[in-house]
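Next come the chains, spelled out residue by residue.
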Amino acid sequence: MPEQTEIWTTERAAPPPPAPPAKSDAAVIRDALGVGVAVGLSGFAFGVTSAGVGLSLLQTCALSLLVFTGASQFALVGALAAGGNPLTAAAGAFFLGARNAFYGLRLSAVLGYRSTVKPFAAHWVIDETSAVTLAQPDRRTARLGFTVTGLTLYVLWNLTTFVGALGAEALGDTEAWGLDAAGPAVFLALLAPMLKETVERVAAGLAVVLVMVTLPLLPTGVPVLVSALAAPAVLVVQGRRERAKAAGTAQEPGAGRGTAGPPARPDGTPESRRATEEDRA
């Protein structure tokens with residue numbers, strides 16, 4: 001018989017990762033509208049609060065139209081209500097809104113808009129649009145979720161800001177309504193299901209601790225930026241643990257050696273030996 005050459009491999013190629021489940025347009029629009037409506041109603045609270053600290057109707061509406069980042073707007077009027085300097089209040093709002101720049105870096109790759117569209121899309125890069133966009137399985141649904149969430153929230157937020165500023169006296173204390181908590185509550189509800197890995201949960205927990213510790217010590221907006229340090233800190237610790245684990249595995253006796261021989265046949269004879277015997281026959 002002609003000599004046969006057989007090549008054995010002890011490792012198999014890893015199967016490709018499963019494709020993300022498809023999501024219908026109706027489901028994306030439903031989720032986006034739900035977020036937009038729930039958070040957009042918080043504009044009532046901002047309009048009432050802004051009018052309560054002495055800002056005019058025009059100033060209040062201009063903040064929602066041009067700034068359009070609810071947490072920063074509340075930080076600004078909150079600092080003014082506490083008797084803070086306008087420049088200090090604006091600086092705190094700026095620091096708090098700086099997180100949107102980090103969202104933009106991620107969303108730019110996900111959405112893939114042309115350079116002519118990016119300046120307009122950047123105005124809608126906020127917590128809620130980022131959460132809805134990143135929850136989608138592909139670019140098409142990500143764009144749909146971003147557009148519907150941004151449009152719904154922008155229109156409703158500005159409309160309720162106008163109504164809240166007009167009816168500030170009739171609405172009374174916004175804390176009694178709880179509208180100021182609607183935005184953070186919706187964002188946390190969107191974020192929680194995305195924390196599937198232990199590393200993600202640890203990073204989120206550490207971020208909460210950093211905010212709680214620094215909140216009474218640092219100016220408004222800065223604790224949020226400090227909490228962003230939780231992610232790189234957790235990744236550094238994880239990287240060191242993985243390197244230490246890999247080094248320990250490499251030092252074990254027999255590690256890295258090809259000890260696994262060719263697979264045996266059902267009768268117990270190694271496959272390479274059986275092939276040699278067949279060649280001799």
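Scroll up for the structure.
Computed from a predicted model, the values in this text were never measured in an experiment.

K.L.:
It is not clear to me how helix α2 (residues 43-52) should be interpreted in this structure. Could you clarify?
P.N.:
Three- or four-residue spacings in an α-helix give side chains the same orientation, since the helix completes a turn every 3.6 residues. Within α2 the residues assigned to the buried category are Gly 43, Ala 45, Phe 46, Gly 47, Val 48 and Ser 50. Directly after α2, the chain includes Gly 54, whose backbone phi takes a positive value near 105°.

K.L.:
When you look at the packing of aromatic side chains in this model, what are you seeing that I'm missing?
P.N.:
In total, this model carries seven aromatic pairs according to the counting rule given. Ring plane angle 25° and centroid distance 6.3 Å describe the contact between Phe 46 and Trp 157, whose orientation is recorded as stacked. You can see Phe 46 sitting in helix α2 and its partner Trp 157 sitting in helix α9 (residues 139-166), a full 111 residues away along the chain. Comparing Phe 46 with Trp 157 shows no difference in burial state: the two are buried. Between Phe 74 and Trp 157, the aromatic rings sit 6.4 Å apart at their centres with planes inclined by 85°, giving edge-to-face as the arrangement. Placement of Phe 74 in helix α4 (residues 70-81) and of Trp 157 in helix α9 is noted, with a sequence separation of 83 residues between them. With a relative accessible area of 21%, Phe 74 lands in the partly exposed category. Following the ring pairs from residue to residue traces out a cluster consisting of Phe 46, Phe 74 and Trp 157.

K.L.:
Honestly, the nonpolar core in this entry has me stumped. Any pointers?
P.N.:
Membership of the largest hydrophobic core comes to 25 residues, with the highest contact counts inside it found for Phe 68, Leu 111 and Phe 146. Counting residues per element, this core draws most heavily on α9, at five residues. Setting aside its immediate chain neighbours within four residues, Phe 146 contacts Leu 107, Leu 111, Tyr 113, Ala 121, Trp 124, Val 125, Thr 129 and Thr 133.

Scoring rules and cut-offs
Residues numbered from 1 in each chain as written. Predicted model: local features only at pLDDT ≥ 70, side-chain atom pairs only at ≥ 80, totals over all residues. Heavy atoms only, no water. Buried < 20%, exposed > 50% of the residue type's maximum accessible area, 1.4 Å probe, protein only. Helix = DSSP H or I, 4+ residues; strand = E, 2+ residues; numbered from the N terminus. Phe/Tyr/Trp six-rings, centres within 6.5 Å; stacked < 30°, edge-to-face > 60°. Core = buried A, V, L, I, M, F, W, Y, C linked by side-chain atoms within 4.5 Å. Contact = heavy atoms within 4.5 Å.

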